[in-house]
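Chain residues, written in single-letter form:
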Amino acid sequence: MGSAPYVIEGITHPEPDDGRAEERLLIPLVGQGILVGLLVADNPGSGNPVSPQRTRLLHSLAGLASVAIERARVDKLRGTLISSVSHELRAPLASIRAYNELVMGGDVGEVNDEQKLFLGRVERACDRLERLIQDLMNLSKLRTGDVSIKKAPADLANVIRGVLDTMHPKAANAGVTLNFHEEAKLPMTMTDQGRLEQVLTNLVDNAIKFNRAGGKVEILAERNEAGASVIHVRDNGTGVSKTDLPRVFERFFRADRSRSRDAGGSGLGLAIVKHLARAHGGSITVESEQMKGSTFTVELPDCESCQ
């Protein structure tokens, strides 16, 4: 058939007493030169043939459907590949880490200061690779819907304080101050506390990475007029340019590639945050200006709509 529409004329109406005939228009769905489906359109027996305009319209729709099917197929293959590669990388990484620890511990001979320096770099590289593998697996599960969100009542202020306590040592080492502002006593929020902690940890970690000594990271929690819980994570760091801003939630995107590499970023943290916010039925947005900082805003639905 190729890719051109094909018309079958004079199809007998299924009802025996109805003498009308109809046309059937078949349009192949072709993706990457391969037949992936068929668009079928029936034209009831009105005596009017299918017009060229409608044929062209249906042909265009078939083209869009072909692209959508191909993208879905590629996404499924990508997810399978990422999952398989991530699992396969864990075993050799564990071996590298184990042998490196043996050497650093002096089990195979005395280690001088220069060797310890190099072995320490190997250990840090292993840590970075392990984080990347975990991020890949998390993102793959989120995209395929394999991650379940189990909501329960949680004290949002306590969740935020717990995240800041965990991130405090890293902030102190970077010379960054962490602050939490709670405008009013927040009611209990229906959320998956573990997943919410993951969202906030990624955002705070990002705000510390792209800040400077003497910088600040502030979290503001409030309740909006619709009853939704809103969390703002604000920093006064390097910010993001207007050109890069629409892409910050894309996988592997780095606004400042050289600095992201030095900071050990995988380029997946914000993509994971976006998927987790959506899995909660919420959303995340960002405002930023270069050399003035960024504000990430997470909005979680009110309790009635998220139960």
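The shown structure was predicted, so the numbers you read here are calculated from the model rather than taken from an experiment. (Residues numbered from 1 in each chain as written. Predicted model: local features only at pLDDT ≥ 70, side-chain atom pairs only at ≥ 80, totals over all residues. Heavy atoms only, no water.)

## What about the overall build of the protein?
Next up, step 1: Regarding its fold elements, the protein presents seven helices and ten strands.
Next up, step 2: Per-residue burial over the protein gives 37% buried out of 307 residues.
Next up, step 3: Summed over its atoms, the accessible surface of the protein is roughly 18,100 Å², and 53% of this surface lies on carbon and sulfur atoms. (Helix = DSSP H or I, 4+ residues; strand = E, 2+ residues; numbered from the N terminus. Buried < 20%, exposed > 50% of the residue type's maximum accessible area, 1.4 Å probe, protein only. Areas by Shrake-Rupley, 256 points an atom, 1.4 Å probe, with all protein chains shown as cover.)

## What about helix 6 (residues 269-279)?
Next up, step 1: Among the residues of helix 6, Leu270, Ala271, Ile272, Val273, His275, Leu276 and Ala277 are the ones counted as buried.
Next up, step 2: Two residues or fewer after helix 6 comes Gly281, characterised by a positive phi angle close to 85 degrees.

## Considering the sheet that holds strand 7 (residues 216-223)
Pairing between the strands of a sheet comes from backbone hydrogen bonds, and it takes one of two forms, parallel or antiparallel.
Next up, step 1: Read from one edge of the open sheet, five strands run 5-7-8-10-9, paired in mixed fashion. One side of each edge strand has no neighbouring strand; the edge strands of this open sheet are strand 5 (177-182) and strand 9 (283-289). With strand direction ignored, the average angle separating the axes of adjacent strands in the sheet is 15 degrees.
Next up, step 2: Packing of helix 3 (residues 156-174) onto the sheet brings it into contact with strand 5, strand 7 and strand 8 (229-235), and relative to strand 5 it is tilted by some 170 degrees. (Pairing = 2+ DSSP bridges. Axes fitted to C-alpha atoms, helices over the stretch in contact; angles between N-to-C directions. Contact = heavy atoms within 4.5 Å.)

## Some words on the pattern of salt bridges
Next up, step 1: Summed over all chains, the structure comprises ten salt bridges.
Next up, step 2: Arg247 is paired through a salt bridge with Glu250; the nearest N and O atoms lie 3.0 Å apart.
Next up, step 3: Using a relative accessible area of 37% as the deciding quantity, one classes Arg247 as partly exposed.
Next up, step 4: A cluster of three or more residues bridged by salt bridges with shared partners is formed by Arg97, Glu123, Asp127 and Glu130. (Salt bridge = Lys/Arg side-chain N within 4 Å of Asp/Glu carboxyl O.)

## Details of the packing of helix 4 (residues 193-209) against helix 6
If you want to describe how two helices pack, look at the angle between their axes and the distance between the axes.
Next up, step 1: Viewed as axis vectors pointing N to C, helix 4 and helix 6 meet at an angle of 145 degrees, and their least axial separation amounts to 9 Å. In this structure, the crossing between helix 4 and helix 6 has a hand that is left-handed. Contact residues: helix 4 offers Arg195, Gln198, Val199, Asn202, Leu203 and Asn206, while helix 6 offers Gly269, Leu270, Ile272, Val273 and Leu276.
Next up, step 2: In the contact of helix 4 with helix 6, the residues fall into six nonpolar, four polar and one charged. (Left-handed = near helix turned anticlockwise from the far one by under 90°. Nonpolar A, V, L, I, M, F, W, Y, C, P; charged D, E, K, R; others polar.)

## Observations regarding the packing of helix 3 against helix 4
Next up, step 1: It is at 9 Å that the axes of helix 3 and helix 4 come closest, and there the two elements cross at 30 degrees. Here helix 3 is positioned roughly parallel relative to helix 4, judged by the angle of their axes. Handedness of the crossing formed by helix 3 with helix 4: right-handed. On helix 4, the residues that touch Leu156, Val159, Ile160, Val163, Leu164, Met167, Lys170, Ala171 and Ala174 of helix 3 are Gln193, Leu196, Glu197, Leu200, Thr201, Val204, Asp205, Ile208 and Lys209.
Next up, step 2: In the contact of helix 3 with helix 4, the residues fall into twelve nonpolar, two polar and four charged. (Parallel < 35°, antiparallel > 145°, perpendicular 65-115°, else oblique.)

## Comments concerning the nonpolar core
Next up, step 1: Counting residues in hydrophobic clusters, the biggest one holds 42 residues, and the most contacted among them are Ile160, Leu178, Leu203, Val204 and Ile284.
Next up, step 2: Of all elements in the fold, only helix 2 (113-144), helix 3, helix 4, strand 7, strand 8, helix 6, strand 9 and strand 10 (293-300) reach the threshold of two or more residues within this core.
Next up, step 3: In this view, Ile160 contacts Phe180, Leu200, Ile219, Ala221 and Ile231; residues no more than four positions away in its chain are not counted.
Next up, step 4: Core analysis: the second largest hydrophobic core is formed by five residues, Leu25, Leu29, Ala41 and Ala62 among them. (Core = buried A, V, L, I, M, F, W, Y, C linked by side-chain atoms within 4.5 Å.)

## A short note on the side chain of Asp235
Next up, step 1: By secondary structure assignment, the location of Asp235 is in strand 8.
Next up, step 2: For the buried Asp235, no salt bridge exists, and the shortest N-O distance to an oppositely charged side chain is 7.4 Å, to Arg212.
Next up, step 3: There is a polar contact of 2.8 Å between the side chain of Asp235 and the backbone nitrogen of Gly237.
Next up, step 4: In contact with Asp235, other than residues within four places in its own chain, are Ala207, Phe210, Asn211, Lys216, Val217, Lys292, Gly293 and Ser294. (Lys, Arg positive; Asp, Glu negative; His and termini not counted. Polar contact = N/O pair within 3.5 Å; in protein donor to acceptor, adjacent residues only side chain to side chain.)

## Overview of a nonpolar patch on the surface
Next up, step 1: A cluster of nonpolar side chains, Tyr99, Leu102, Val103 and Val108, forms an exposed patch at the surface whose accessible area comes to about 400 Å².
Next up, step 2: By the element assignment, Tyr99 lies in helix 1 (residues 52-104).
Next up, step 3: Among the residues examined, Tyr99 registers a relative accessible area of 60% and is labelled exposed. (Patch = residues over 30% accessible without salt bridge, like charges linked within 9 Å, V, L, I, M, F, W, Y side chains within 5 Å.)

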